[in-house]
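Each chain, letter by letter, is given below.
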Amino acid sequence: VETLGSVSRICSDKTGTLTLMEMMVVSAVTAEAAYQVGGNGYAPEGEVTKDGKRVDAKPGEGEPVLALMGRVSLLCNDAELFQEQGTWKVEGDPTEGALYPFATKLGLDRKAEIAEAPRIDAIPFESEHKFMATLHKPAQGQAFLLVKGAPEVILEHCDRQQTASGQPAPIDRPHFLQASDQLAGRGERVLALAWQDGATGKPDGLSAADLPKNLVLLGLIGLLDPPRKEAIEAVRECHDGGIRVTMITGDHRITAAAIARMLGIGDGKTAVTGTEIEGMNEAALQQTVRNVDVFARASPEHKLRLVKAIQANRQIVAMTGDGVNDAPALKKADIGVAMGIKGTEVTKEAAEMILADDNFASITAAVKEGR
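So, here is what we can say about the structure in this document. Given the structure is predicted, the values throughout are model-derived calculations rather than measurements.

### Concerning the overall build of the protein chain
Along its length, the protein chain carries 14 helices and 20 strands. Computed over the C-alpha atoms, the radius of gyration of the protein chain is 21 Å, within 12% of the 21 Å expected from 2.2 N^0.38 for a compact globule of 371 residues. The C-alpha extent of the protein chain, read off along each of the three principal axes, is 65 × 45 × 35 Å. Counting every position in the protein chain, which comprises 371 residues, the buried fraction comes to 54%. Here the contacts in the protein chain between residues at least 6 apart in sequence split such that 62% fall between residues at least 24 apart. The distance from the centre of the 40 positive side-chain charges to the centre of the 52 negative ones in the protein chain is 3 Å.

Encoded structure:
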């Protein structure tokens, strides 16, 4: 409690702690069109529109590229959605959970899609390679590979883009990079979806190194996880009380800066990425953490370095975390704060404090009590 009272800097995850952790697909971009997606959180009600008119993925009359994006959303996915007391909840990754209602709004049925093309192999998502891929074999026809992940990674593995005619065309990378920056600039988390028809598996199973370089890019989707109202207020209280708030996230730099701007963290423009952290020595990192409060595309290893750099500047640090790999950073921080809902047992063991509701405002309340 004494340490809590003397905390001078709080380093927080973004998703779920500063935000609602209710991801929702709000936009989609293909080689030929841009779409808006309406609705509310994980609920399946809502519609996909282009220029204000509703579109779907019905065979023969719907949008064929959107139909493929819907299939990737349903099949290349490990999350589960369920209803509890009238509220839709997700078991697993919130980003993946948000993809199901997107496909439902296009008129696709998950059970039918799974029955038609069962999964025979997969490359699970890892923060090191930033993508997930699944291999499917329909009863009739060739096997195909479905992929989703960070745009910069997926674009490197694509040499063509899907068109409405059904014939892939050479990829227009600048178009998708610009679209990705636009979506991220609105605070959206961006995922790229791709596929390969006629894909083959390996006898010993697929690994991340097996992802082909000749995938066909389907398009980008933008997801939004709005900031918690109480977090905006809590950040302001911290600043009034002389405590700096730092956001560390795995998201894209522009997305991180946009959400930080909504929360009042940092200057609303500057964000340092994990790759830039890797290029800095300890002295340079110490200098950087004096001036920067938003860190994007950061891994658990970067978190540990950031804690050490902030402590070297004689600040008392509270650090939040939920994954197994966050444990070293939590152990090193003056106060390690584990997530009570989405945190792993390892993280809870490593932490001094467990956040029962995973809400940033509760950390601020605890610091107040400590004082």
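What follows picks up the thread again.
### Brief notes about the packing of aromatic side chains
With the rule as written, the count across this model stands at one aromatic pair. Ring geometry for Phe144 versus Trp195: centroids 6.3 Å apart, planes at 65°, classification edge-to-face. Linking Phe144 in strand 10 (residues 144-149) with Trp195 in strand 13 (residues 189-197), this pair joins segments that are 51 residues apart in sequence. Side by side, Phe144 and Trp195 carry an identical accessibility label, which is buried.

### Brief notes about helix 3 (residues 94-105)
Owing to its 3.6 residues per turn, the α-helix aligns residues three or four sequence positions apart on the same side. Here helix 3 contains 12 residues, and its C-alpha end-to-end distance of 18 Å stays within 8% of the 16 Å for a straight helix at 1.5 Å per residue. The element helix 3 is largely enclosed, with a buried count of 11 among its 12 residues. Turning to helix 3, its buried residues are Pro94, Thr95, Glu96, Gly97, Ala98, Leu99, Tyr100, Pro101, Phe102, Ala103 and Lys105. Just downstream of helix 3, Gly107 is the residue with a positive phi angle, here 95°.

### A word on the nonpolar core
Grouped together as the largest cluster of nonpolar side chains are 38 residues, with contacts concentrated most on Val48, Leu66, Phe102 and Ile221. Elements supplying a minimum of two residues to this core: strand 2 (24-29), strand 3 (34-37), helix 2 (64-75), helix 3, strand 10, strand 13 and strand 14 (215-224). When residues in this core are grouped by element, the largest group, seven residues, is from helix 2. Once residues within four sequence positions are removed from consideration, Leu66 is found in contact with Ala28, Tyr35, Val48, Val55, Phe102 and Leu106.

### Examining the pairing of strand 11 (residues 158-161)
As paired strands, strand 11 and strand 14 are joined by three bridges and run parallel to one another. In the sheet register, Gln161 faces strand 14, and the bridge partner there is Leu217. Bridge count for strand 11 against strand 12 (residues 169-170) is two bridges, and the pairing is antiparallel. Note that in strand 12 the partner of Arg160 across the bridge is Pro170.

### Quick notes on the packing of helix 7 (residues 229-240) against helix 14 (residues 360-370)
The interhelical angle for the contact between helix 7 and helix 14, taken along N-to-C directions, is 35°, at an axis separation of 8 Å. Relative to helix 14, the crossing made by helix 7 is left-handed. Residue-level inspection shows Glu230, Ala231, Ala234, Val235, Glu237 and Cys238 of helix 7 in contact with helix 14, the latter providing Phe360, Ala361, Thr364 and Lys368. In terms of residue class, the contact of helix 7 with helix 14 is built from six nonpolar, one polar and three charged.

Procedures and definitions
Residues numbered from 1 in each chain as written. Predicted model: local features only at pLDDT ≥ 70, side-chain atom pairs only at ≥ 80, totals over all residues. Heavy atoms only, no water. Helix = DSSP H or I, 4+ residues; strand = E, 2+ residues; numbered from the N terminus. Rg over C-alpha atoms; globule rule 2.2 N^0.38 Å. Buried < 20%, exposed > 50% of the residue type's maximum accessible area, 1.4 Å probe, protein only. Contact = heavy atoms within 4.5 Å. Lys, Arg positive; Asp, Glu negative; His and termini not counted. Charge placed at Lys NZ, Arg CZ, Asp CG, Glu CD. Phe/Tyr/Trp six-rings, centres within 6.5 Å; stacked < 30°, edge-to-face > 60°. Expected span 1.5 Å × (residues − 1). Core = buried A, V, L, I, M, F, W, Y, C linked by side-chain atoms within 4.5 Å. Pairing = 2+ DSSP bridges. Axes fitted to C-alpha atoms, helices over the stretch in contact; angles between N-to-C directions. Left-handed = near helix turned anticlockwise from the far one by under 90°. Nonpolar A, V, L, I, M, F, W, Y, C, P; charged D, E, K, R; others polar.

Geometry only, nothing functional implied.
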